[in-house]
Amino acid sequence: MSWRLQELAERVGVTLIGDPDCRIDSVASLQGARPGSVSFLASCRYRPYLKATLASAVILGPDDLEDCPVAALLSDNPYLAFARITTLLHPPQAASPGIHPSSVVHVGARIDPSACIGALTVIEAGAVIGADVFVGPGCVIGPECTVGEASKLIARVTLCNRAVLGRRVIVHPGAVIGSDGFGLAADDGVWVKIPQLGRAVIGDDVEIGANTTVDCGALEDTVLEEGVKLDNQIQIAHNVHIGAHTAIAGCVGIAGSARIGRHCTIAGAAGIEGHLEIADHVHVTGMSKVSKSITKRGTYTSGTPLEPNAQWLKNSVRFRKLDELARKVMALEKKLKG
Amino acid sequence: MSWRLQELAERVGVTLIGDPDCRIDSVASLQGARPGSVSFLASCRYRPYLKATLASAVILGPDDLEDCPVAALLSDNPYLAFARITTLLHPPQAASPGIHPSSVVHVGARIDPSACIGALTVIEAGAVIGADVFVGPGCVIGPECTVGEASKLIARVTLCNRAVLGRRVIVHPGAVIGSDGFGLAADDGVWVKIPQLGRAVIGDDVEIGANTTVDCGALEDTVLEEGVKLDNQIQIAHNVHIGAHTAIAGCVGIAGSARIGRHCTIAGAAGIEGHLEIADHVHVTGMSKVSKSITKRGTYTSGTPLEPNAQWLKNSVRFRKLDELARKVMALEKKLKG
Amino acid sequence: MSWRLQELAERVGVTLIGDPDCRIDSVASLQGARPGSVSFLASCRYRPYLKATLASAVILGPDDLEDCPVAALLSDNPYLAFARITTLLHPPQAASPGIHPSSVVHVGARIDPSACIGALTVIEAGAVIGADVFVGPGCVIGPECTVGEASKLIARVTLCNRAVLGRRVIVHPGAVIGSDGFGLAADDGVWVKIPQLGRAVIGDDVEIGANTTVDCGALEDTVLEEGVKLDNQIQIAHNVHIGAHTAIAGCVGIAGSARIGRHCTIAGAAGIEGHLEIADHVHVTGMSKVSKSITKRGTYTSGTPLEPNAQWLKNSVRFRKLDELARKVMALEKKLKG
């Protein structure tokens, strides 16, 4: 499929400077581009590659226009324009409606006739699969789970405990939504399991990465509001509430009943303790640990910087006596003042 | 299903103060309760909600009795009593015995006639499935694996390398038990795989969370003693030994041959190095790193507290010169004494 | 199967000191050994067990020869010799060629007649399965994915987005290779998904652990060079490049476009930020965070050591004022010089 450059520009609302009839058939990085490609410049890191690109057109901001050797697509947000053009050039493929004969669908499940159910998938009693849904191969949709319109479960996804997925939700392979929360009461040193009665409720336009887990709630529901994006290998515990349009990178763990605001970003492998609140527009850096509520927007960090191990050993020994060191300094100050 | 309040109180051994004939049909949080609900107060965090609760009865300790506006169920351990009542009101549903015709069961596997094998599950040669076991849809029970009486594999669980599960074990979706340990020998810069010959041996009443992995042993077995509780996304490496009734929260990683005591709690995303020992009754806080044996019970932590990023940058730069700083303070002390 | 000790010694190229006709039928640790076992001593930690071992032979280095109570297999690298002997005694079992009738194989897939496809596996259009490949039960091989000669997918492995596996690749249960990268562009606070067009390309002799995820590239490919070894629960983001013979332990996360050198080791639960480079022969210790490029070989660490929680609380409070403390020391130094 190829597009006239002018048509692409119009469809994504950017200004074309160059040949409107140029044909575009692919997207590529500045270095990987060839004639027919459209590329983009969204970070100064890649500026050195602009001059030598073989792309037919480059999406870029006004500041880089001067250095563009080929047709330019001017945008205030080149990365977004690139996302849009990529989607035009690579539209999601529509799957044929129908249920693969190898799948096991309970008679008490309701499957919209426009849905596509892949091979070797299990859909249990009372499950509801909406219009234009794609359930890929090897999935298990537990009893009374609901998948909203146009959602897409790539493959080997598990839904349990009456999980509810909104519309246009994408779930990647290995993800488990609605598994039991980790609810235990201690009986004289022995753990007693607490039945988990809530659901996992996933809003519209949420994306959930490969091997990510979202537990059901204990009494109330675990909730991901609309537009939340979860990367791979994330753990969301019971009763967590994540506000709309928050994006969370891989390997993050969020403990029970934490409440995350809207428009937050949590970088990779950060950890968030339970029963706390994080305000809107908070950014947590990678591998940071959040152990208290965050009430003000901003960027937050914990940890120490990487060092050669030999140097780290010396410093870390001192960390264990940091309080003592601070007291010594106070004593010295006192002495000198006295 | 509804219960007389008096009957519930007797079954779980708590003292009822209020109308014995009150009917209870549900459990709920203090805020989410409605008439017919029993709720509980186990943390002072929720005390403000007690007075306005719509619950018909509340499980609580003696100190909160005075403020309870409705029937009270007095207990020294309200959370435990709540767990017990929840289980009475929501008893696990018994599955019908039998093997779903879509499953693939090797003729050399032994399945107890009381077991229930769900759809599209594979059970390989020599596997043994005990009485009243539930193996949900999409599981793979590898050759010669054993599942003890009344255990429950929710869905899409994999057992391999002759893994042994005790009685009443619960395994959540995506968990892998008995996968090869990470055993490599270096041959002049190239890694040579060491066949992993041990098993994963899981005790009675263990619970294993979604997408958690427990590797088989290298030569001897990886062992989880009875009553161990593992949350989601945990990694247990080969030859680890976890003592009875230890509970481990999500995203924890335990390296090879570590030996964890009994009645420990390891909070989320903590990491435990290999070839070390942790005593009984040790508590490791979230995201802490255990790199040496812990010989005394108690609570242990590593890391630094979360800060606004701008402040963190200043402090973390100093951490890299902490040894130098400590030396300067010593020099100053010497000078002032001299 | 049993071997003459002399024959074993010759096959792995070690020097036998002892009875050449001794029969060996098993491998074991020094403590777990019995007559007929061959054991090994590769770490001084296990030296105390040498004298009392019941093994018939022990693989060890020249320094331990004197203390060996039984036949000795002399090697400069006892662990490697042990790996080789273990493989001889426990050779991988060849699976019978053929496609299990319960599997769903698209007519447009190409399966080598020598391959073995297990039960309830899905192989989609355009997939290519090479000679002597084993695809275990419950796998999903997505459209146009390729599995090279003699590779082994144990069970419940998912390949997507035209993933390419080299020869002799081993993939453990629950692993997902080629899932969409986490590519998002912000549109006024709402995330727009960027189609992920690259592949995951896995070199020869790579091993990938249980529940590990390797995303496909955004525009170019995610690449694991030959001999890379990944443990369980690892997350490899889009466009990461990992050099040959690098070994990565469990729970590590590597963010997008990071470039890791050859012959590196990354210990458990370390985190590597995106868009950086790590030189060859770099070793990152467990739970360390790499947030800048590492240009020199060596060992690197971040974090603080574990402490009793009460002590940690005092020290960590001081960390938040470390910059202030350093300034105070500078002021004191100035005062004393003045």
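Residues numbered from 1 in each chain as written. Chains lettered and ligands numbered in written order. Predicted model: local features only at pLDDT ≥ 70, side-chain atom pairs only at ≥ 80, totals over all residues. Heavy atoms only, no water.

Overview of the interface of chain C and chain A
Then step 1. Taken residue by residue, the interface counts 73 residues in chain C and 68 residues in chain A.
Then step 2. Interface area for chain C against chain A, summed over the two sides, is near 5700 Å², with a carbon-plus-sulfur share of 67%.
Then step 3. For the chain C face of the interface with chain A, the top three residues by lost area are Phe182(C), Trp191(C) and Arg318(C), together amounting to 12%.
Then step 4. A salt bridge links Glu207(A) to Lys193(C), with the shortest nitrogen-to-oxygen separation between them at 2.6 Å. (Contact = heavy atoms within 4.5 Å. Buried area = accessible area lost by both parts, 1.4 Å probe. Salt bridge = Lys/Arg side-chain N within 4 Å of Asp/Glu carboxyl O.)

Quick word on the nonpolar core
Residues and elements named next belong to chain A.
Then step 1. Judged by nonpolar contacts, the single largest core of 52 residues is most densely connected at Ile141, Leu159, Ile177, Ile208, Leu224 and Ile254.
Then step 2. Counting residues per element, the ones that place at least two in this core are β24 (200-202) and β37 (282-284).
Then step 3. Excluding residues within four positions of it along the chain, Ile141 makes contact with Val122, Ile123, Glu124, Ala127, Ile129, Val135, Leu153 and Leu159. (Core = buried A, V, L, I, M, F, W, Y, C linked by side-chain atoms within 4.5 Å. Buried < 20%, exposed > 50% of the residue type's maximum accessible area, 1.4 Å probe, protein only. Helix = DSSP H or I, 4+ residues; strand = E, 2+ residues; numbered from the N terminus.)

Examining the environment of Cys160(B)
Then step 1. Its location among the elements puts Cys160(B) in the loop between β18 (158-159) and β19 (164-165).
Then step 2. The class of Cys160(B) is buried, set by a relative accessible area of 10%.
Then step 3. Measuring from C-alpha to C-alpha, the distance between Cys160(B) and Ile294(B) comes to 32 Å, with 134 residues separating the pair along the chain.
Then step 4. In this structure, Cys160(B) is in contact with Cys145(B), Val176(B), Ile177(B), Gly178(B), Ser179(B) and Pro173(C), ignoring residues within four places of it in sequence.

Here's the deal with the relation of the copies chain C and chain A
Then step 1. Superposition record for chain C on chain A: RMSD 0.0 Å, screw rotation 120°, translation along axis 0.0 Å. Such a combination of turn and shift is consistent with a three-fold rotation axis. Proximity to the rotation axis, assessed at the C-alpha, singles out Gly303(C) in chain C; its C-alpha lies 3.3 Å from the axis. (Least-squares fit on C-alpha atoms with pLDDT ≥ 70 in both.)

Details of helix α1 (residues 5-12) of chain C
All names here are of chain C.
Then step 1. Here α1 has its buried residues at Leu5, Leu8, Ala9 and Val12. Looking straight down α1, one finds its buried side chains confined to an arc of 100°; they lie on one side. Set apart from the buried face of α1 by more than 90 degrees, the exposed residues are Glu10 and Arg11.
Then step 2. For α1, the secondary structure elements touched by its buried residues are β1 (3-4), β2 (15-17), β3 (23-24), β6 (57-60), β7 (71-74) and α2 (78-89). (Arc of directions from axis to C-beta.)

Comments concerning the interface of chain B and chain C
Then step 1. The interface is formed by 73 residues belonging to chain B together with 68 residues belonging to chain C.
Then step 2. Across the chain B to chain C interface the summed buried area is about 5700 Å²; carbon plus sulfur atoms make up 66%.
Then step 3. For chain B, the biggest contributors to the area lost against chain C are Phe182(B), Trp191(B) and Arg318(B); these three give 12% of the whole.
Then step 4. Scanning the region where chain B abuts chain C turns up three salt bridges.
Then step 5. The residue Arg318(B) makes a salt bridge to Asp323(C) at a minimum N-O spacing of 2.8 Å.
Then step 6. Counting the contacts that link chain B with chain C gives 29 residue pairs in polar contact (both at pLDDT 80 or more).
Then step 7. Those elements that provide at least two residues to the side of chain B that touches chain C are β21 (176-179), β22 (184-187), β23 (190-193), β26 (213-215), β38 (289-290), β39 (298-301), α3 (309-319) and α4 (322-337) of chain B.
Then step 8. Considering only residue class, the side of chain B that touches chain C consists of 35 nonpolar, 25 polar and 13 charged.
Then step 9. Sheet topology note: the β39(B)/strand β40 (residues 307-308) of chain C ladder contains two bridges and is antiparallel. For Thr301(B), the partnering residue across the bridge sits in β40(C) and is Glu307(C). (Polar contact = N/O pair within 3.5 Å; in protein donor to acceptor, adjacent residues only side chain to side chain. Nonpolar A, V, L, I, M, F, W, Y, C, P; charged D, E, K, R; others polar. Pairing = 2+ DSSP bridges.)

Some words on the pattern of salt bridges
A side chain of one charge can pair with a side chain of the opposite charge when the charged atoms of the two come close.
Then step 1. A full pass over the atoms with the stated rule returns 42 salt bridges over all chains.
Then step 2. Ionic pairing is found between Asp187(C) and Arg84(A), a salt bridge with its closest N-O pair at 2.7 Å. Here the residue Asp187(C) occupies a position in strand β22 (residues 184-187), and Arg84(A) occupies one in helix α2 (residues 78-89), the pair thus bridging two chains.
Then step 3. For Asp187(C), a relative accessible area of 27% corresponds to the partly exposed category.
Then step 4. When its relative accessible area of 33% is taken as the criterion, Arg84(A) is described as partly exposed.
Then step 5. One salt bridge in this structure joins Lys193(C) and Asp180(C), with 2.8 Å as the shortest N-O distance. A residue pair is termed long-range when its members are at least 10 positions apart, and Lys193(C) in strand β23 (residues 190-193) and Asp180(C) in the loop between β21 (176-179) and β22 qualify at 13 residues.
Then step 6. Residue Lys193(C) is classed as partly exposed on the basis of its relative accessible area, which comes to 22%.
Then step 7. Each of the salt bridges in this network shares a partner with another, and the network as a whole consists of Asp180(A), Lys193(A) and Glu207(B).

Quick word on the sheet that holds β21(B)
Then step 1. Ordered by their spatial adjacency, ten strands build an open sheet running β9-β12-β15-β18-β21-β26-β29-β32-β35-β38 (chain B), and the pairing between neighbours is parallel. Two strands bound the open sheet, and with one partner strand each, they are β9 (104-105) and β38 of chain B.

Structural notes on empty space enclosed by the protein
Then step 1. Going through the model one piece at a time under the given rule, you end up with four cavities of 30 Å³ or more.
Then step 2. The space that makes up the largest cavity amounts to roughly 170 Å³.
Then step 3. In terms of lining, the largest cavity is formed by 18 residues, of which the most central are Gly138(A), Leu120(B), Gly138(B), Leu120(C) and Gly138(C).
Then step 4. For the second largest cavity, the full set of lining residues is Asp180(B), Gly181(B), Phe182(B), Gly183(B), Leu184(B), Lys193(B), His172(C), Glu207(C), Gly209(C), Leu230(C), Asp231(C) and Asn232(C). (1 Å grid on protein atoms, 1.4 Å probe; cavity = no way out; pocket = protein on both sides within 12 Å on 5 of 7 lines; lining within 4 Å. Points joined across faces, edges and corners; volume = space filled by probe spheres on them.)

Description of the sheet that holds strand β4 (residues 26-27) of chain C
Residue and element names in this part refer to chain C.
Then step 1. Ordered by their spatial adjacency, five strands build an open sheet running β2-β7-β6-β5-β4, and the pairing between neighbours is mixed. Every interior strand has two partners, whereas the edge strands, β2 and β4, have only one.
Then step 2. Pairing of β4 with strand β5 (residues 37-40) involves two bridges; the strand directions are parallel. Residue Ser26 lies in a different strand from β5, and its bridge partner there is Ser37.

Looking at the packing of helix α1 (residues 5-12) of chain A against α2(A)
Residue and element names in this part refer to chain A.
Then step 1. Put simply, α1 and α2 touch, their axes get as near as 10 Å, and they point 120° apart. Of the possible angle classes, the one that applies to α1 and α2 is oblique. Note that α1 runs across α2; the crossing there is right-handed. Where α1 abuts α2, its residues Leu8, Arg11 and Val12 lie against Ala81, Arg84, Ile85 and Leu88.
Then step 2. Grouping the constituent residues of the contact of α1 with α2 by class yields five nonpolar, no polar and two charged. (Axes fitted to C-alpha atoms, helices over the stretch in contact; angles between N-to-C directions. Parallel < 35°, antiparallel > 145°, perpendicular 65-115°, else oblique. Left-handed = near helix turned anticlockwise from the far one by under 90°.)

Digging into the pairing of β21(C)
Residue and element names in this part refer to chain C.
Then step 1. Taken together, the two bridges between strand β18 (residues 158-159) and β21 define a ladder with parallel strand orientation. Bridging from a neighbouring strand, Thr158 pairs with Val176 of β21.
Then step 2. Examined bridge by bridge, β21 and strand β26 (residues 213-215) share three bridges and lie parallel to one another. Residue pairing for β26: Ile177 is matched across the bridge by Val214.

Some details on the confidence of the model for chain A
Then step 1. Looking at chain A, pLDDT values average 97 and 100% of them are 70 or higher.
Then step 2. Interface scoring of the predicted complex returns ipTM 0.97; its pTM is 0.97. (pLDDT = per-residue confidence, 0-100.)

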